[in-house]
Amino acid sequence: MTEYVKFSFRPFEDDTVVSSLSDFLSRVDLQYDFEGFEHVIPVIAKEVAVGLKFPHENSIVHRDLKPANILLSNDHYIHTHGDEFEFMWKNSPSVCKIADYGPQDATLEQLKAVDSRAFGMILFALANPSMGYPYQKELEQETSLNPMKNPKENMQEILRRQQQPKCSKSYEVQHATVWNDILFVHQEFTDFDINRRKRSMEDALAKLENNSPSLCVNIHLPSWNKGLLSGINGDDDDGGEEHDDYDDDDDDDDGDNSSKLVKPKEKDHKYFKSPLFVKHIQEKVDKIKSAINAQSISHEE
């Protein structure tokens, strides 16, 4: 009998329970905009890679890998509290199990290749939770241009052009920071050039290990739920009011806000304090400075 695996949102004052990765992504995207849940995505990516590595090493393939066949659980900490909950939430927010293996109707190497590309598409789904499936935008556009063709024919045309799926703009900040490695591995495992395409889960894990939960700074319960467990983030109990980290200079407020930094949407707030984000922006600034200096030198000459 198959074990019932579930991920409960009860720690977040939400009675919702989901079992599959597809339901988890949909729920967190629609209900929470992934605020406070961003660090869960790299953990899931690594666990799926580990879950494929063992059977592949033992000549077993899945053949039907998709978000609906990846089960999530947080039973290992659902009843913990305080510091123990905080530790588990930061370091092991979910446990994944791969279910519903498909038919083994081809050679082992062919099926491993199918699994590997499917794994790459799983990574795309993880980094784009607001999309129903990879190639959603492309397929909708192709269908509007060729309404007489069925979806399979339109999808074949997209793949014939060797198009990679376009990312959602809803999570651009995460794509540039805490989910960047996930997208990089996605591209490696879905490369249309079979000579360049990665297939080994060891290759995936080598890259994904760099994206540990500890790199996702300011991991916390969603801001709307700060008071649920007192002191879980080391915050003072100030009645749930948010601290504005964007106007902490000592200048008097003269009413002129024209030159002040506009505070971003709350769900993106923490990334502007992230070392990863700062490094990403600093690299862009350095490139711009180099281009300006090169242009100045050429004018002087």
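Residues numbered from 1 in each chain as written. Predicted model: local features only at pLDDT ≥ 70, side-chain atom pairs only at ≥ 80, totals over all residues. Heavy atoms only, no water.

### Here's the deal with the packing of helix H4 (residues 108–127) against helix H8 (residues 180–189)
Between H4 and H8, the shortest axis-to-axis distance is 8 Å and the interhelical angle comes to 150°. In this view, H4 runs roughly antiparallel relative to H8, as classed from their interaxial angle. As for how H4 packs across H8, the hand of that crossing is left-handed. For the pair H4 and H8, contact is made by Ser116, Arg117, Phe119, Gly120, Met121, Leu123, Phe124 and Ala127 and by Ile182, Leu183, Val185, His186 and Phe189, respectively. (Axes fitted to C-alpha atoms, helices over the stretch in contact; angles between N-to-C directions. Helix = DSSP H or I, 4+ residues; strand = E, 2+ residues; numbered from the N terminus. Parallel < 35°, antiparallel > 145°, perpendicular 65-115°, else oblique. Left-handed = near helix turned anticlockwise from the far one by under 90°. Contact = heavy atoms within 4.5 Å.)

### A look at the pattern of salt bridges
Side-chain pairing between opposite charges can occur once the charged atoms of the two side chains come close. By the definition in use, this model includes 12 salt bridges. Its salt-bridge partner being Arg27, residue Asp14 comes within 2.8 Å of it at the nearest N-O pair. Linking Asp14 in the loop between strand S1 (7–8) and strand S2 (17–18) with Arg27 in helix H1 (residues 21–32), this pair joins segments that are 13 residues apart in sequence. Looking at Asp14, the relative accessible area reads 10%, which means it is buried. A salt bridge links Lys90 to Glu86; its shortest N-O distance comes to 3.0 Å. Here Lys90 and its partner Glu86 are both found in helix H3 (residues 82–91), 4 residues apart, which amounts to about one turn of the helix. What emerges from the salt-bridge pattern is a single network uniting Glu142, Glu157, Arg160 and Arg161. (Salt bridge = Lys/Arg side-chain N within 4 Å of Asp/Glu carboxyl O. Buried < 20%, exposed > 50% of the residue type's maximum accessible area, 1.4 Å probe, protein only.)

### Some details on the nonpolar core
In terms of nonpolar packing, the biggest core is built from 44 residues, with Phe24, Phe37 and Phe119 touching the most fellow members. Elements that contribute at least two residues to this core include exactly H1, helix H2 (40–57), strand S3 (70–73), H3, strand S4 (95–98), H4, H8 and helix H9 (201–208). The leading source of residues in this core is H2, at 7 residues. Residue contacts for Phe24: discarding those within four places in its chain leaves Phe7, Phe9, Val18, Phe34, Phe37, Val40, Ile44 and Leu72. (Core = buried A, V, L, I, M, F, W, Y, C linked by side-chain atoms within 4.5 Å.)

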